[in-house]
Every structure is written in C-alpha cells, then in structure tokens.
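Residue-level listing of the chains:
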Amino acid sequence: MTTLGTVPVVRRHTNAGPKRIMRIGSKLYDFGTRNRTFLQVASDLKKLGIKNCYFMLEVIDPRVVTIDPFAVDKEGHSSLTKEQVSIIMAECKVNPWYYLREISRIPTQGGAGVPYKANRGNIAQAWCIMHGYDSWLCLPRQKGKTQSALAIQLWAYSFGTSNSEFIFVNKDGENAKTNLRRMKDQMELLPEYMRFPWYIDENGNKIKHTMNATSMKHPVTKNVITVKSKATSHEMALSLARGLTSPIQHFDEPEFTNHIDTIVSNSYSTFEQAAKNSKENGGMYARIFTWKRVAIWVTIWSVLSYAGTTHVVYQLRRPSFDGNVQRLGKPVYWIGSRPLAGEM
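A.B. asks: Quick question: what am I supposed to make of the pattern of salt bridges here?
C.D. replies: Pairing between side chains of opposite charge can happen when the charged atoms of each approach one another. The full count for this structure, using the stated rule, is six salt bridges. Linking R63 and D61 is a salt bridge whose minimum nitrogen-to-oxygen distance equals 2.9 Å. Looking at R63, the relative accessible area reads 29%, which means it is partly exposed. The shortest N-O distance in the salt bridge between E174 and K177 comes to 3.4 Å. Of this pair, E174 and K177 both sit in helix α6 (residues 173-188), separated by three residues, roughly a single helical turn.

Below is the structure:
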C-alpha cells in the first residue's frame, strides 16, 4: 500500500511504472493497462495510419491506474476507501473507455467472468453509441458482439445518461429477455459498490434496484430497460414500431426478426423525437444493431437509408472484403479494415 497525495492506493504489480501514463497533446493515455486487447486495437489502428489511434486508452484522473477496483478483503467485500471508490466512480462517470477497459466483466460458463475483449468492431460501435450514431455491427459467432453492446449499454445505464429508457428487441421475446438477463449478469460481476442494489434518498427512503424478467430500473439514474415481444404479423410490427419511443434501442439478430423492415422504417419518427429530447437534455441516444450474417447487407442498407441511419459498422468474415470507408452522401459505411475511428 502506498499513497498518492492524500489518497492511499493499491499499487498494481502488472505493467505499472513511471511510463505507464503518457500525455499526447492535451490528453492522457494508459499504456500499462492489463487489458492487452485495448493495446492491440490501438496498435492496429496506428499501423493503419489512424492519427487518433489511442482514444480507447484515455484516462482522465491518473490516480485510477494505481487503484485496483476489484480489491477485496477476506470476506470478499471491497477493501477500498471511500475516497478511492469516489475516484473510480468519477472516472467511470466521464470516461466510458476506462469502464470498458478496466471495470467491465463478461460472464463465462463455470467462471467468474473475463475482462471486456476489445476488437476493431466493438470499439467502433461503442464510439458510435457514445456519439449518438446508429450502428450495425456484424461479427462471426462467439466473438462477443452482443455482450460488447450490452457492456457499453450497462455503462450508459449506470453512468452515461439519466431518466431515460432502453428498449431491447430480438427475434422473439424470450431472446430479448435473455439479453436483459445477460446485462444483469454483467452487473453482478462488477465491484459491489457499482451494483447499486439500493440507495437512501434525501428523505431517508430506501430505493431498491427494480429487476424482473422484462425490465430493470436503476435507483440512482432512474433509467429503465424494457424488452419487446416479437411481431407475428404486419399489424403487430406496426404496433411494435409505434411503441419504440426510447432514445436508446438495441436490435439483436435483426436478420432473424420477422418484419424487421416494417419495424425499423416505421419507428423512425418516434425514435427521432425521443433522440431529439434526449440530446436537448444532455442525454444519450442511439440505435444499436448486432447481427451475424452478411448475405442480407444490401437489404439492410436500403432499410437503413430509408430510416435515416447515419453509420454502419461491418466486421466482415473474409479478409478479401477489406476496403475503405465509402461515402454515399451523409452516411458513412465502414467495410472491413478501415475503422470509423479514422473519421474522428
């Protein structure tokens, strides 16, 4: 245990050293993170000639790199001081990259969870979500596209926005519920001071974190997540579309979702108003699409163009498809190896 100013810190033994934090321009970057996947993505972007290639390594308060956010005592409870917790929470509030890099944990079968694994696809989509752009991410199976999208949404749910609503749509209601459960499982793997099971309001009332099979409500940020059932007819799709009035919407496996074209094209006006309201109040807004197949991309392209989507992120299966950013008017499409980060 050492001290940094007046704050006692838990010194990390891995990758810690005087050159861990580097200043480039006006920003600080953590080149000693234990999450090597973020360093790999930064290296890949640098090789591709992207000037702003280190953005996912950003750190605001350099004191956080010497604090282990998961430090616990013999009973398994956090051993951090209130001041240390405050430093971490403040960093998470303003720096989603720190949250994804050091805090986020993805559930694994029979294990305690693994750190978020960064790749060019999920980092690009996370950037889109943070900046209010709609995005489509296509990755092969078992590469973590859905869990990655849920991880950045969990940050938004706990830190990034407030008094907002998230809606999960999937090929059917059960799979939408599964994604809600996955987000709950991610939350359970966070340090105990980030799980927010309840809090005491200014009147001394105990406000609990509401969780059930179809919804969640955060006791502090007041954000709500709900799931939608599938549409089995054109009329039901129209009804579902009219109900998509939230500023953050996650469509998982749209390639298997019945009437997805009707749902997306007819929900644009309601989403546009919700996004506008959120933007005016300093909140987050984005439509998030995660899918597996690339064979239907032309159809999806036409639907998105009609529905006003601005950014599409592809991570294609075959390297032979690698290409450059293609501009068609306002939309920007990333096909293959040229990341959206290059447009920053």
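A.B. asks: What's the story with the pairing of strand β8 (residues 135-138) in this structure? I'm lost.
C.D. replies: Residues S135 and L137 line one face of β8 and the alternating positions W136 and C138 line the opposite face, and both faces are buried. As paired elements, β8 and strand β16 (residues 286-291) share four bridges and run parallel to each other. Directly across from L137, in β16, lies its bridge partner T290.

A.B. asks: Sorry if this is basic, but what is going on with helix α9 (residues 268-280) here?
C.D. replies: Given 3.6 residues per helical turn, the α-helix brings residues three or four places apart onto the same face. The end-to-end C-alpha distance of α9, which contains 13 residues, comes to 18 Å, matching closely the 18 Å that a straight helix rising 1.5 Å per residue would cover. Residues of α9 that are buried: F271, A274, A275 and S278. Buried residues of α9, viewed axially, fall in a sector of 100°; they line one side. Positioned one or two residues after α9, G282 has a phi angle of 75°, which is positive.

A.B. asks: Quick question: what am I supposed to make of helix α4 (residues 120-130) here?
C.D. replies: Of all 11 residues making up α4, nine are buried, and the element is well covered by its neighbours. Among the residues of α4, those classed as buried are G121, N122, I123, A124, Q125, A126, W127, C128 and I129. Between the side-chain oxygen of the N-cap and the backbone nitrogen of G121 there are 2.9 Å, and the N-cap of α4 in question is N119. Where α4 ends, the next residue or the one after it, G132, has phi of about 80°, a positive value.

A.B. asks: Any chance you could explain the packing of aromatic side chains here in plain terms?
C.D. replies: Both the distance between ring centres and the angle between the ring planes are used here to describe each pair of aromatic rings. In the structure shown here, the tally under the stated rule is 11 aromatic pairs. Considering the side-chain rings of W127 and Y133, the 5.9 Å spacing of their centres and the 15° angle between planes classify their relative orientation as stacked. Members of the aromatic cluster, joined through ring pairs, are W136, F251, F289 and W291. The ring of F256 carries the charged tip of K171 above its face, separated from the ring centre by 5.5 Å.

A.B. asks: I keep staring at the side chain of T146 and nothing clicks. Help me out?
C.D. replies: Relative to the helices and strands, T146 is located in helix α5 (residues 145-160). A polar side-chain atom of T146 sits 3.1 Å from a polar atom in the side chain of D252. Not counting chain neighbours up to four residues away, the residues in contact with T146 comprise N179, R182, H250, D252 and T290.

A.B. asks: How should the sheet that holds strand β3 (residues 21-24) be read in this particular structure?
C.D. replies: Paired through their backbone hydrogen bonds, the strands of a sheet run either parallel or antiparallel. Pairing is antiparallel across the open sheet formed by three strands, whose spatial order is β3-β4-β5. Edge positions in the sheet fall to β3 and β5 (58-59), since each has one partner strand and no second. Where strand β4 (residues 27-30) lies against β5, two bridges are found, and the strand directions are antiparallel. Residue pairing for β5: Y29 is matched across the bridge by E58.

Cut-off values and rules
Residues numbered from 1 in each chain as written. Predicted model: local features only at pLDDT ≥ 70, side-chain atom pairs only at ≥ 80, totals over all residues. Heavy atoms only, no water. Salt bridge = Lys/Arg side-chain N within 4 Å of Asp/Glu carboxyl O. Buried < 20%, exposed > 50% of the residue type's maximum accessible area, 1.4 Å probe, protein only. Helix = DSSP H or I, 4+ residues; strand = E, 2+ residues; numbered from the N terminus. Pairing = 2+ DSSP bridges. Expected span 1.5 Å × (residues − 1). Arc of directions from axis to C-beta. Polar contact = N/O pair within 3.5 Å; in protein donor to acceptor, adjacent residues only side chain to side chain. Phe/Tyr/Trp six-rings, centres within 6.5 Å; stacked < 30°, edge-to-face > 60°. Lys NZ or Arg CZ within 6 Å of the ring centre and 35° of its normal. Contact = heavy atoms within 4.5 Å.

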